[in-house]
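Given next are the chains, with one letter for each unit.
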Amino acid sequence: GLKDRPVPGAFLPRVTCQCVEGPLVNALGVLEDNRDIVLLVAGTHGAGAMTTFLLGNNCRELIDKTTRPLLLVPENTKFGNPEHIFFATDLHRNDIQYINAVAGLAEKFTARLEIVNVIPEDGGDKQHRLDENAFMQEMVLKVRYRRVSFRNRHNPNITKGIAQVLLHDKPVLLFMVRRKSSFFDFFLKSSVTQNIASRTAVPLLIYPYPMPVVLAF
């Protein structure tokens, strides 16, 4: 453990344990009453477990009901400094405050933060271009971290576009905001997601929406 193999000068967190009967989602109220908790972390185990975890009823309830950011970590994740972080957006203006929170984490590691939006091959309609311009302008004004970039991923299928990001760009972390009736729901329900989730070791951090205060790291 950490205490058995201490690294000189390394931070040693205080670790406590709590057992609660029943599904994990039933313990959320008890856990979240502790105002010091800023992040929930859940691991997955075994081949294809990420698929089961993402789409299983227990996990979906956890995603639906948590009021804290939730980090899902596949068993085969390779840990290291997060040098390349992706944030998937549907150009919702409220995403800017979440991007600022993620930028705080990126800044600690001098990581690149890439904002990704999936659009059709033809570049999207006029309204999409207006939304993109407004989003970009607000991001430039409100996001303080400078190692932030924006890129459109061209694909007629949103899920396949995100899948390309995971398989080809290999980000260390993928961030998404969980809104009901949004592309996030579409992403989780897709059969393509099952295939990608079973093959990727990219941790997924899900921010709930709305949050009274968007917690930063």
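As shown above, the structure is provided for reference.
A brief report on the enclosed structure follows. (Residues numbered from 1 in each chain as written. Predicted model: local features only at pLDDT ≥ 70, side-chain atom pairs only at ≥ 80, totals over all residues. Heavy atoms only, no water.)

### Section: the packing of aromatic side chains
What characterises a pair of aromatic rings is the spacing of the ring centres plus the angle enclosed by the ring planes. Enumeration over the complete set of coordinates arrives at 3 aromatic pairs. Ring centres of Tyr 98 and Tyr 207 lie 5.2 Å apart, and the angle between their planes is 65 degrees; on these two criteria the pair is classed as edge-to-face. Within this pair, whereas Tyr 98 is found in helix 4 (residues 95-108), its partner Tyr 207 is found in strand 7 (residues 204-208), the two being separated by 109 residues in sequence. Taken individually, Tyr 98 and Tyr 207 each receive the classification buried, so the pair is uniform in this respect. On the numbers, 6.2 Å between centres and 50 degrees between planes, the contact of Phe 135 with Phe 150 is tilted. Residue Phe 135 is found in helix 5 (residues 126-142), and its partner Phe 150 is found in strand 5 (residues 148-154); the two are separated by 15 residues along the sequence. Residue Phe 135 shares its accessibility class with Phe 150, and that shared class is buried. Here a set of aromatic residues connected by ring pairs shows up, and it is made of Tyr 98, Tyr 207 and Tyr 209. (Phe/Tyr/Trp six-rings, centres within 6.5 Å; stacked < 30°, edge-to-face > 60°. Helix = DSSP H or I, 4+ residues; strand = E, 2+ residues; numbered from the N terminus. Buried < 20%, exposed > 50% of the residue type's maximum accessible area, 1.4 Å probe, protein only.)

### Examining the pairing of strand 3 (residues 84-88)
Within strand 3, 5 of the 5 residues are buried, which leaves it mostly tucked inside the rest of the structure. Burial along strand 3 is two-sided: the face carrying His 84, Phe 86 and Ala 88 and the face carrying Ile 85 and Phe 87 are both buried. Pairing analysis gives 5 bridges linking strand 3 to strand 4 (residues 112-119), with the strands arranged parallel. For Ala 88, the partnering residue across the bridge sits in strand 4 and is Val 116. In this fold, the crossover linking strand 3 to strand 4 by way of helix 4 has right-handed handedness. Here strand 3 runs beside strand 6 (residues 173-178); their pairing, made up of 3 bridges, is parallel. (Pairing = 2+ DSSP bridges. Right-handed = clockwise from strand over helix to strand, strands pointing away.)

### Thoughts on the sheet that holds strand 4
Strand order across the open sheet formed by 7 strands is 1-2-7-6-3-4-5, with mixed pairing between neighbours. A strand with exactly one partner marks an edge of an open sheet, and here the two such strands are strand 1 (40-43) and strand 5. Sheet twist, expressed as the mean angle between neighbouring strand axes with direction ignored, is 25 degrees. Where helix 4 meets the sheet, it contacts strand 3, strand 4, strand 6 and strand 7, and its direction lies at approximately 170 degrees from that of strand 3. (Axes fitted to C-alpha atoms, helices over the stretch in contact; angles between N-to-C directions. Contact = heavy atoms within 4.5 Å.)

Everything listed here is a matter of geometry and, on its own, says nothing about what the molecule does.
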